[in-house]
Amino acid sequence: SSGINAEYGEAKKAAGLKKFTMPQIPIVNMETPFKDTSEYLDSFGKLLSSLSAESTKLHKEQTELSNSLMTLPPSLMLWANSEESLEPVLSKFGAGVGRVSEAMEGLVSLKEEMFTESIKEYQRYVTTVKNVLRNRDHMQVAKDFFTTTVLSKQRDLERLEASEPGKSFATFFGKSPAQVKSEKISRLQQEITTLSNEGEQAGDALVVASAAVRSDIERWNINKEKDCRALFSSLSAAHTDYYTNSIAVWQELVDFIDKE
């Protein structure tokens, strides 16, 4: 996520955009090249929030189960001390429950480290990209604003150049109508030049920022697929190890009890 922020920031910095006043255009109604990406991020963000909530709930339940299991061995040992004939079985059973509880505690800790942290990282990335896309859209608004304003002023200039010089407030200060018209034309031409330059800067910044966003998202999609495969493979292996070890513990208890 730091990469996309850096590239986007450099795009604005390189363009040297000035502050300007423009009408408030609702970004949400704009058609942008990243509309599908924005909608996907909204959907993916909701999915991550749901997964995060379920992961938190599961973590709590499994932690409580692990803690409850840890209370059994001491109770079983007390029972074993008062039942000499059952002492071997109760002691062995208590030790087995303790091993299963420790294994579950390890599984819960591993899932918290692997799965929960991965979800948080994806959530941070989604928030970052959504902010960058929103800023990119504002840059598009700026570029469109300059383009529209230049066209409007060019039409004003054409009308002014085609008009006959007339009286104005300035003529009362000794300026001829032709001189007043010439000065207006000069000011409009200067405004058009300034706005055109700023519009070009805004357009350049938009191109660079869009390329940075597109490149980072494409790279992220590739990495996301690899990350998800590795994540779920590791989680599956962790559960396999847990249940394999747990079954081995219980089978060991069955064999021990059958021999007693």
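As shown above, the structure is provided for reference.
Within every chain, residues take consecutive numbers counted from 1 along the sequence as written. Totals for whole chains, interfaces and linings use every residue, but because this is a predicted model, local features are given only for residues with pLDDT of at least 70 and side-chain atom pairs only at 80 or more, for both listing and counting. For side-chain calculations, the full set of non-hydrogen atoms in the structure is used, while hydrogens and water are omitted.

### Digging into the overall build of the protein chain
So, point 1. Secondary structure elements are taken from DSSP: a helix is a run of H or I of four residues or more, a strand is a run of E of two residues or more, and numbering for both begins at the N terminus. Secondary structure assignment for the protein chain yields five helices and zero strands.
So, point 2. Secondary structure elements of the protein chain, listed N to C terminal, follow the sequence α-α-α-α-α.
So, point 3. Buried residues are those whose accessible area, probed at 1.4 Å on protein chains only, stays under 20% of the maximum for their type, while exposed residues exceed 50% and partly exposed ones sit between those limits. The buried share among the 260 residues of the protein chain stands at 32%.
So, point 4. Two residues qualify as a contact provided that any one of their heavy atoms is within 4.5 Å of a heavy atom in the partner residue. At a minimum sequence separation of 6, the contacts of the protein chain that also span at least 24 residues come to 89%.

### Digging into the side chain of T128
So, point 1. Inspection of the secondary structure puts T128 in helix α4 (residues 87-162).
So, point 2. What makes T128 buried here is its relative accessible area of 15%.
So, point 3. Nitrogen and oxygen atoms within 3.5 Å of one another constitute a polar contact, given that in protein one can donate a hydrogen and the other can accept it, and given that sequence-neighbouring residues count only through two side-chain atoms. From its side chain, T128 meets the backbone oxygen of R124 in a polar contact 3.0 Å long.

### Section: helix α3 (residues 72-82)
So, point 1. Among the residues making up α3, those that are buried are P73, L76 and A80. The buried residues of α3 all sit within an arc of 60° when viewed along its axis, so they share a single face. Across α3 from its buried face, at more than 90 degrees, point the exposed residues L78, N81 and S82.
So, point 2. Where α3 is buried, its residues touch α2 (35-70) and α4. In this context, the arc is that of the directions from the helix axis out to the C-beta atoms.

Everything listed here is a matter of coordinates, which is why it stays silent on function.
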